[in-house]
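Understanding the architecture of this molecule
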Amino acid sequence: VNRVVRHRLSLTQRRYLIAVLLVLPVILLRAFTAFYPFVQTVLLAFQNYNPAFPPTKWIGLQNFARMGTDPVVQGSISFTIIFVVASTVFQLIFGMAIAILLNIPFRLRGIARTINLIPWAVPMVVVAIGFRWMFDDRFGMIPDILARGFGLHPRWLIDPLGARVAILIVSIWKSTPFVAVLLLAGLQGVPHDLYEAARIDGCSRPQLFRSITLPLMMPLIVTTGMFMLIWQLASFDLTYAMTGGGPGFSTSVMAYKIFQEINSLNFGYASSLGMVLFVIVGVIGIIGLVIFRRVQVSL
Amino acid sequence: MTTSQASSRAEVSTTGVRLRQFLGLHADRILTYIAFVLFAVVVLVPFYWIFISSVTPKYELFQIPPIYFPSTLTLDNYNRMANGLPFWEYLVNSLIFAIGSSVLSVGLSGLAAYALARIRFPGSNLVFIGLILSIALPQIGLLVPMFETFKLFGLQNTHLGLILLMSSLVLPFTVWVLVSFVNQIPAEIEEAAQIDGANIAQVIVYVMLPTMRPALSTMLIINFVISWNELLYPLVFAQTRTTKTFSVGLLELATEGSTYGRPWDLMSALSIVMIIPVLILVLFGQRAIVAGLTRGALK
């Protein structure tokens with residue numbers, strides 16, 4: 001009996017060993033490129049590390065104090081939050097509209113679904129630069145159409161507000177289709193007989209949407225929104241390729257500001273800014289979790 | 001008698017009435033198609049603009065108002081792009097980067113996903129949750145320590161370094177999708193194989209690999225697209241001709257100061273070249289991509 005038990009134990013142990021071996025490469029790679037740098041970033045945030053100006057010293061909270069006097073940081077934090085929240089909200093609204101369109105059975109639906117994936121698939125750099133060309137004050141098509149078609153003369157990339165709106169438009173254009181893909185999958189999961197029953201009870205279409213689709217989709221809408229918020233908080237390529245943070249610093253998001261500080265070799269300061277970004281992501285994550293719990297319970 | 005009267009009245013009825021009847025009957029379908037056209041135009045016009053710019057002779061690009069339908073089309077821009085830039089080097093680098101990252105990430109994730117979903121060793125849940133949570137660590141915030149580590153290991157300006165970073169970035173999502181996929185495969189086949197005396201390596205190669213093939217190729221496509229589009233890592237860690245990718249090359253063209261100075265002809269041609277591979281993947285792999293993107297969100 002003893003031998004059998006030992007044999008069986010060693011079998012399970014061997015299975016565990018194999019499992020660990022299979023998972024290990026993933027863990028090591030993540031440790032090397034995410035967990036270890038994370039710890040390092042937290043430590044660096046409290047040092048004045050700049051390779052051009054040794055020696056490196058522990059300076060307590062000075063990096064964070066410096067943010068208080070850095071007008072670009074304050075502008076960046078507020079613009080980042082406004083930008084990320086606004087583009088997520090619009091992406092969810094338009095994404096839902098597109099998802100509803102792509103869920104209607106019509107002859108060109110397959111083509112529509114393929115078209116919908118294209119903005120997701122193309123490089124952000126290409127999109128950013130293409131739109132910069134389209135928004136160009138003199139040679140771009142958007143100012144031209146607005147001027148000749150509607151008599152409007154907004155100054156897109158020269159005026160701070162214009163640049164902010166332009167960046168928001170591009171961000172919405174680029175990522176709404178991805179949101180639509182996720183929401184469409186959710187719509188397809190809503191049982192048909194619910195609609196049938198409600199229609200027999202005489203519900204109008206807006207009523208159907210408000211009392212069936214929306215509540216059932218709420219958990220997915222919240223998770224998608226959270227994902228988009230967190231992902232867009234960290235993205236810098238749109239700003240970098242389209243406006244370079246300008247004019248002035250009007251479109252400088254946190255991620256872009258961090259990149260600039262790294263470029264100026266202010267590694268310690270950049271790390272402390274990175275920590276602020278982590279904290280914002282964390283706070284949004286917790287808020288999202290709370291909302292998620294609530295919408296799930298209300299079902 | 002009454003029927004003939006009715007029919008004669010119908011003949012008399014004006015086309016306006018008939019149009020109104022038609023609209024009443026098909027209002028839904030007409031609205032759907034209007035929405036579709038609007039949607040398709042908004043999504044596709046930027047691509048039309050980039051494409052048209054890429055085949056317009058350079059002297060016609062800077063016109064006020066812009067020319068929407070150029071009278072002469074030319075491939076000169078592509079010619080200049082292929083000869084003027086280190087085009088072929090960038091192409092090879094981009095392919096190595098995108099293919100390497102997608103193959104490595106899917107390979108590692110496949111093994112890990114099998115272990116996490118099937119063997120369930122002590123702590124496997126913790127590993128899984130830790131991996132998923134690490135999605136929220138913004139890559140820009142981890143850049144400084146990465147920079148140092150890469151210098152230490154001599155990984156700057158190497159394909160290996162770039163591929164390791166990029167794979168790591170997409171690992172969590174890939175593992176997530178593949179775990180949910182493995183969970184849906186009934187365990188009976190594997191158990192039968194194990195009873196027949198197959199060891200874990202044989203089970204993975206002969207049982208899991210064939211059943212997981214659709215999921216693996218889906219993730220290969222998605223990770224290729226994401227890596228092909230990546231800007232930040234190549235921008236920071238690829239500063240030589242031997243490693244620079246298209247995204248970096250395009251951005252470098254775009255950093256010329258004035259609108260006139262910027263080589264829009266080369267930029268639009270390069271943009272089209274960057275769009276083509278992902279466009280092909282979307283056209284042929286639309287279903288697979290959507291299945292992959294939505295699986296993580298819905299499970």
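This is a predicted model, so every value here is computed, not measured.

Let us now look at the overall build of chain A. Helix and strand content of chain A: twelve helices and zero strands. Walking chain A from its N terminus toward its C terminus, one meets helices and strands in the order α-α-α-α-α-α-α-α-α-α-α-α. The C-alpha radius of gyration computed for chain A amounts to 25 Å, which surpasses the reference 19 Å derived for 299 residues by more than 25%, pointing to a less compact arrangement than a globule. For the C-alpha atoms alone, the extent of chain A along its principal axes is close to 70 × 70 × 35 Å. Split into buried and exposed, the 299 residues of chain A put 51% on the buried side. For chain A, long-range pairs separated by at least 24 residues make up 66% of all intrachain contacts whose partners lie at least 6 apart in sequence. Each charge class in chain A can be summarised by its mean position, and for the 23 positive and 10 negative side chains these summaries are 16 Å apart.

A tally of regular secondary structure across chain B gives 13 helices and zero strands. Reading the secondary structure of chain B in the N-to-C direction produces α-α-α-α-α-α-α-α-α-α-α-α-α. Taken over the C-alpha trace, chain B has a radius of gyration of 27 Å; the compact-globule value for 299 residues is 19 Å, which it surpasses by more than 25%. Across its three principal axes, chain B shows a C-alpha extent of roughly 85 × 65 × 30 Å. Relative to its 299 residues, chain B shows a buried fraction of 52%. Partitioning the intrachain contacts of chain B with sequence separation of at least 6 by distance along the chain shows that 72% fall at a separation of at least 24.

Next up on the list: the environment of Thr 114 of chain A. Structurally, Thr 114 of chain A is set in helix α4 (residues 109-121). Separated by 37 residues in the primary sequence, Thr 114 of chain A and Ile 77 of chain A have C-alpha atoms spaced 36 Å apart. Look past the residues within four positions of Thr 114 of chain A in its chain and what remains in contact with it is Val 282, Leu 283 and Gln 286 of chain B.

With that settled, consider unusual backbone geometry. A negative phi holds for most residues other than glycine; trans holds for most peptide bonds. In the Ramachandran plot, Leu 265 of chain A falls in the positive-phi region, its phi being about 65° despite a non-glycine side chain. Position of Leu 265 of chain A among the secondary structure elements: in the loop between α11 (254-263) and α12 (267-298). Residue classification places Leu 265 of chain A among the partly exposed positions, given a relative accessible area of 32%. A positive phi is found at Asn 157 of chain B, a non-glycine position, where the angle reads about 55°. Positionally, Asn 157 of chain B belongs in the loop between α7 (143-153) and α8 (159-184). Exposure remark for Asn 157 of chain B: the relative accessible area of 26% places this residue in the partly exposed category.

The subject of this paragraph is the interface of chain A and chain B. Interfaces are frequently sized by the accessible area removed from exposure as the parts join. Counting from both sides, the interface comprises 83 residues of chain A and, opposite them, 97 residues of chain B. Regarding the contact of chain A and chain B, the summed buried area is about 8,100 Å², with carbon and sulfur atoms giving 81% of it. Looking at the side of chain A facing chain B, the largest losses of area belong to Arg 30, Trp 133 and Phe 139 of chain A, adding up to 10% of the total buried there. The closest approach of N and O atoms between Arg 205 of chain A and Asp 28 of chain B, which form a salt bridge, is 3.1 Å. For the pair chain A and chain B, the number of links is 13 residue pairs in polar contact (both at pLDDT 80 or more). In terms of residues, the side of chain A that touches chain B owes the most to one element, helix α1 (residues 2-44) of chain A, which gives 22 residues. Residues of the side of chain A that touches chain B, tallied by class, amount to 61 nonpolar, eleven polar and eleven charged.

The next subject is the pattern of salt bridges. Residues and elements named next belong to chain A. For the coordinates displayed, the defined rule picks out eight salt bridges over all chains. A salt bridge links Glu 196 to Arg 199, with the shortest nitrogen-to-oxygen separation between them at 3.7 Å. With a gap of three residues between them, Glu 196 and Arg 199 both fall in helix α8 (residues 192-200), about one helical turn apart. Classification of Glu 196 as partly exposed rests on a relative accessible area of 40%. One salt-bridge network, held together by shared partners, links Asp 70, Lys 257 and Glu 261.

It is worth spelling out the layout of surface pockets at this point. There is about 1,900 Å³ of room inside the second largest pocket. Taken together, 47 residues make up the lining of the second largest pocket; nearest its centre are Ala 97, Ile 98, Ile 100 and Leu 101 of chain A together with Ala 35 of chain B. Every element with two or more residues in the lining of the second largest pocket is listed here: α3 (71-103), α5 (124-135), α6 (141-150), α7 (160-188), α8 and α9 (205-234) of chain A together with α2 (15-55) of chain B. Tallying contributions element by element places α2 of chain B first for the lining of the second largest pocket, with twelve residues.

Moving on: the nonpolar core. In terms of nonpolar packing, the biggest core is built from 183 residues, with Trp 120, Ile 129, Phe 131, Phe 236 and Met 242 of chain A together with Met 81 and Phe 237 of chain B touching the most fellow members. Setting aside residues up to four positions removed in sequence, Ile 129 of chain A forms contacts with Ala 241 of chain A together with Leu 250, Leu 251, Ala 254, Trp 264 and Met 267 of chain B. Grouped together as the second largest cluster of nonpolar side chains are six residues, Ala 34, Ala 45 and Phe 278 of chain A together with Leu 142 of chain B included.

We now examine the side chain of Ser 102 of chain B. Residues and elements named next belong to chain B. Secondary-structure assignment places Ser 102 in helix α5 (residues 87-119). At 3.0 Å, the side chain of Ser 102 and the backbone oxygen of Ile 99 are in polar contact. Beyond its immediate sequence surroundings of up to four residues, Ser 102 is in contact with Leu 220, Asn 223, Phe 224 and Ser 227.

Scanning the model with the defined rule gives 29 aromatic pairs over all chains in all. On the basis of an interplanar angle of 90° and a centroid distance of 4.8 Å, the ring pair of Phe 87 of chain B and Trp 88 of chain B is categorised as edge-to-face. Under the relative-accessibility criterion, Phe 87 of chain B is labelled buried at 6%. Pairwise contacts between aromatic rings join Tyr 49 and Phe 267 of chain A together with Phe 147, Phe 150, Tyr 233 and Phe 237 of chain B into one cluster. Seen from the ring of Tyr 269 of chain A, Arg 66 of chain A lies directly overhead, with NZ or CZ sitting 3.8 Å from the centre.

Rules used throughout
Residues numbered from 1 in each chain as written. Chains lettered and ligands numbered in written order. Predicted model: local features only at pLDDT ≥ 70, side-chain atom pairs only at ≥ 80, totals over all residues. Heavy atoms only, no water. Helix = DSSP H or I, 4+ residues; strand = E, 2+ residues; numbered from the N terminus. Rg over C-alpha atoms; globule rule 2.2 N^0.38 Å. Buried < 20%, exposed > 50% of the residue type's maximum accessible area, 1.4 Å probe, protein only. Contact = heavy atoms within 4.5 Å. Lys, Arg positive; Asp, Glu negative; His and termini not counted. Charge placed at Lys NZ, Arg CZ, Asp CG, Glu CD. Buried area = accessible area lost by both parts, 1.4 Å probe. Salt bridge = Lys/Arg side-chain N within 4 Å of Asp/Glu carboxyl O. Polar contact = N/O pair within 3.5 Å; in protein donor to acceptor, adjacent residues only side chain to side chain. Nonpolar A, V, L, I, M, F, W, Y, C, P; charged D, E, K, R; others polar. 1 Å grid on protein atoms, 1.4 Å probe; cavity = no way out; pocket = protein on both sides within 12 Å on 5 of 7 lines; lining within 4 Å. Points joined across faces, edges and corners; volume = space filled by probe spheres on them. Core = buried A, V, L, I, M, F, W, Y, C linked by side-chain atoms within 4.5 Å. Phe/Tyr/Trp six-rings, centres within 6.5 Å; stacked < 30°, edge-to-face > 60°. Lys NZ or Arg CZ within 6 Å of the ring centre and 35° of its normal.

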